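Single-letter residue listing:
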Amino acid sequence: MNALLSHRTAKPLFFLLALGPFLWLLYGALANALGPNPAEALTRGTGDWVLRFLCLTLAVTPLRQWTGWTALARLRRMLGLYAFFYGLLHMLCYAWLDMGFNVGEIVRDIPKRPFVLVGTLAMLLMLPLAATSFNRAIRALGPGRWRQLHRFVYAIVLLGLLHFFWMRSAKNDFGEVGLYALIVALLLGWRLWQARRTHPRPGAAPKARAGLTS
Amino acid sequence: MHFINDKGHGPLRGEAITPRALYAQRREFLGKLAAGSAGALLASWAAREAIAQTAGPGKLRPLPAGKSAVSGALTMEKLSAYSDVSTYNNFYEFGTDKSDPARLAGSLKTQPWTVVVEGEVRKPGTWDMDALLKLAPMEERIYRMRCVEGWSMVIPWVGYSLAELVKRVEPTGNARFVQFVTLADKSQMPGLRSSVLDWPYVEGLRLDEALHPLAMLAFGLYGEVLPNQNGAPVRLVVPWKYGFKSAKSIVRIRFVEKQPKSSWETAAASEYGFYSNVNPKVDHPRWSQATERRIGDDGLLSKKRPTLMFNGYEAQVGQLYAGMDLSKFF
């Protein structure tokens, strides 16, 4: 499996796979095949994929350690950047299709809908991570600081989950939210468990708690 | 773009009648033209306009109807497609996703069906569908439908004024409100397994609202009987209120003295009031109600359209709420 994942076609293949939902939604929008409310379908579709890519990104390290497929790590940056890409599309759908780029409307809307505020915050937190995703940035920051910065992803996924929960709370419909919450709880719980297992003493130096960084 | 205040607007004024409401009455005007003496050619064209019933897709049993003469009952706006009207539904008894009812409502058994009328009436009783269908002549009415979620449709309903039934059962002097109880049968409705709302779904109107000619008992749409997902076999349509007030698949109509609580009031009283009149100036606590997206009509990139006071039926129903603070009685 490692050989397969390290093959030079693996990355382009995953790149195209991850682009699939975007192409599908784009086709749907152009062919008017997104159902009676295409604006809603686009906004929800892109939002779903942000959460999915965040979960996939966070699944890389546990999966790598569990299966020994170390080459999975090569895909992590791309998955994270796709979460950001779908996040940008999600915001674009909101600002354009829902608000018609009307800044006044957006400013009025955000305090009314705290879940929009939470989503915006998650998006803003993704910005520095996307901006420091290339190799030179990692070198410039130094791996330690870079890793610390990229721990924002935990806050981002929790904010994303809260955003989804609040959105769905209007319909008292928590089934799907519960599923994502379970996945996120497993992914983050695994990290906590790892950290505790390798460094059982509280107050250990931050550098030593490497288990949390991936 | 002008700014609309969230709160603190004054009471409604009668002169704030929208041009769209006038526009909506054109069909009616055309009908009158036909009967009058406005030139033979124009008259015959107008007559055709006034008589033809909207053609259905040929999927369900036809439900023939004449054009309604009720003021405001025939908007000239472009109809929402049957495929949108019958696949984009909020009917939580069949699931909370708007595509669920069309998929799952096949299990609803609409025959036999009875509606119990009880409470403060001189003539309580059980009505079967045959009796209900024969109670008054069927009319086609083309109403705007504005959902509280911020989208809208234009739907050609078939039915008659709820007032026909109300008058027939003779409410007593104690009857001040009408409560509508809808079917809640776990064996037919998979959505009842979730506790989204308190089942059965109940709704209510003030008696004068129920007597308003625009308030309608609907048995069909697009010239055919109602698809299950749209609330077959009989539902309420109150076009000046948010869609959820128009209870679907009604089994019981109760005349009461005290204001009944609706299911959505029970779920979130601060968000869904008893009246729930369409009002662009009173926002839902969690979103604006100033604009709406017309399903199937507005292009993906077109701006949302402004929501009209009482959904454009202010000329007809505004007086029901004269002197009321509509931000308090939302």
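Here the residue numbers are simple positions, counted from 1 along each chain's written sequence. Lettering of chains starts at A and numbering of ligands starts at 1, both following the order in which they are written. With pLDDT at 70 or above as the cut-off, local features in this predicted model cover only qualifying residues; side-chain atom pairs require 80 or more to be listed or tallied, and sums for whole chains, interfaces and linings still use all residues.

Enquirer: Go over the packing of helix H3 (residues 38–67) of chain A against helix H4 (residues 73–98) of chain A, please, and point to the residues and values.
Expert: Describing two packed helices takes the angle between their axes plus the distance from one axis to the other. Residue and element names in this part refer to chain A. All axes are obtained by fitting lines to C-alpha atoms, using only the stretch in contact for helices, and the reported angles, taken between N-to-C directions, cover 0 to 180 degrees. Under the scheme used here, helices are H or I runs from DSSP no shorter than 4 residues and strands are E runs no shorter than 2 residues, and both carry numbers assigned from the N terminus. Closest axis-to-axis distance for the H3/H4 pair is 8 Å, and the angle between their directions is 160°. The angle between the axes of H3 and H4 places the two elements in the roughly antiparallel class. Between H3 and H4 the crossing geometry is left-handed. For this classification, the nonpolar set comprises Ala, Val, Leu, Ile, Met, Phe, Trp, Tyr, Cys and Pro, the charged set comprises Asp, Glu, Lys and Arg, and every other residue, Gly included, is treated as polar. A class-by-class count of the residues in the contact of H3 with H4 yields 18 nonpolar, seven polar and three charged. Note on terminology: angles under 35 degrees are roughly parallel, angles over 145 are roughly antiparallel, angles of 65 to 115 are roughly perpendicular, and the others are oblique. Left-handed is the label given to a crossing in which the near helix is rotated counterclockwise from the far helix by less than a right angle, and right-handed is the label when the rotation is clockwise.

Enquirer: For the pairing of strand S5 (residues 151–161) of chain B, give the residues involved together with the corresponding values.
Expert: Residue and element names in this part refer to chain B. Exposure is read from a count of other C-beta atoms within 10 Å of each residue's own; the residue is exposed at 12 or fewer, buried at 20 or more and partly exposed in between. C-beta atoms are placed from the backbone. The element S5 is largely enclosed, with a buried count of ten among its eleven residues. As defined by bridge partners, strand S4 (residues 139–146) adjoins S5 across eight bridges and the pair is classed as antiparallel. Within S5, the residue paired with Ile 142 across the bridge is Pro 156. Taking the residues between adjacent antiparallel strands as the criterion, S4 and S5 are bridged by four residues, where Gly 150 takes a positive phi near 105°. As judged from the two bridges shared by S5 and strand S12 (residues 291–294), these two strands associate in the parallel manner. Directly across from Ser 152, in S12, lies its bridge partner Arg 294. Here, any two strands with at least 2 DSSP bridges between them count as paired. Relative to strand S8 (residues 216–221), S5 runs antiparallel, the two sharing five bridges. Note that in S8 the partner of Gly 159 across the bridge is Ala 218.

Enquirer: Could you give me a rundown of the interface of chain B and chain A, with the residues and numbers involved?
Expert: In this complex, chain B contributes 18 residues to the contact, which on the side of chain A involves 17 residues. Counted by class, the side of chain B that touches chain A contains eight nonpolar, four polar and six charged residues. Whether two residues are in contact depends on their C-beta atoms, placed from the backbone: they are in contact if these lie within 7 Å.

Enquirer: Could you give an account of the sheet that holds strand S11 (residues 250–256) of chain B, with specific residues and numbers?
Expert: All names here are of chain B. Within the open sheet, the five strands sit side by side as S3-S2-S11-S6-S7. Their pairing is mixed. Looking at the sheet topology across the chains shown, the edges are occupied by strand S3 (125–128) and strand S7 (202–206). Strand-to-strand twist of the sheet, defined as the mean angle between neighbouring strand axes without regard to direction, takes the value 20°. Inspection of the sheet shows strand S2 (residues 114–119) paired to S11 by four bridges, in the parallel sense. Residue Val 117 lies in a different strand from S11, and its bridge partner there is Ile 253.

Enquirer: Could you give me a rundown of H3(A), with the residues and numbers involved?
Expert: All names here are of chain A. The terminal C-alpha atoms of H3, which comprises 30 residues, lie 40 Å apart, in line with the 44 Å expected from a rise of 1.5 Å per residue. Largest kink in H3: about 35°, centred on Val 60, with the proline Pro 62 one to four residues after it. The positive-phi residue at the C-terminal boundary of H3 is Gly 68, with phi of around 80°. The span you would expect from a helix comes to 1.5 Å times its residue count less one. The bend reported for a residue corresponds to the angle between axes fitted to the seven residues ending at that residue and the seven starting there.

Enquirer: An account of the pairing of S11(B) is needed here, citing residue identities and associated values.
Expert: The pairing of strand S6 (residues 177–182) of chain B with S11(B) spans six bridges and is antiparallel. Paired with Phe180(B) across the two strands is Ile253(B), which belongs to S11(B).

Enquirer: So what's going on with the confidence of the model for chain A? Which residues, and what values?
Expert: Confidence of the predictor in every single residue is expressed as pLDDT, which spans 0 to 100. This prediction gives chain A a mean pLDDT of 89; 92% of its residues lie at or above 70. Contacts from residues 208–214 of chain A, a stretch scored under 50 in pLDDT, to residues over four places away or in other chains number 14 contacts.

Enquirer: Quick one: what's the story with unusual backbone geometry, residue by residue and with numbers?
Expert: All names here are of chain B. Pro 112 follows Gln 111 through a cis peptide bond whose omega is -5°. Along the chain, Pro 112 turns up in the loop between helix H5 (100–104) and S2. Here Ala 232 and Pro 233 are connected by a cis peptide whose omega angle stands at -5°. Take Pro 233: it is sitting in the loop between strand S9 (224–225) and strand S10 (235–237).

Enquirer: Would you mind going over the packing of H3(A) against helix H10 (residues 175–198) of chain A in detail, with residue names and values included?
Expert: Residues and elements named next belong to chain A. Look at H3 against H10: their axes get within 10 Å of each other, and the N-to-C directions meet at 30°. If you check the angle between H3 and H10, you find them roughly parallel. You can see that H3 and H10 cross each other, and the crossing is left-handed. Facing Leu 51, Cys 55, Leu 58, Ala 59 and Pro 62 of H3, the residues of H10 in contact are Tyr 180, Ile 183, Val 184, Leu 187 and Trp 190. Looking at the contact of H3 with H10, its residues break down into ten nonpolar, no polar and no charged.

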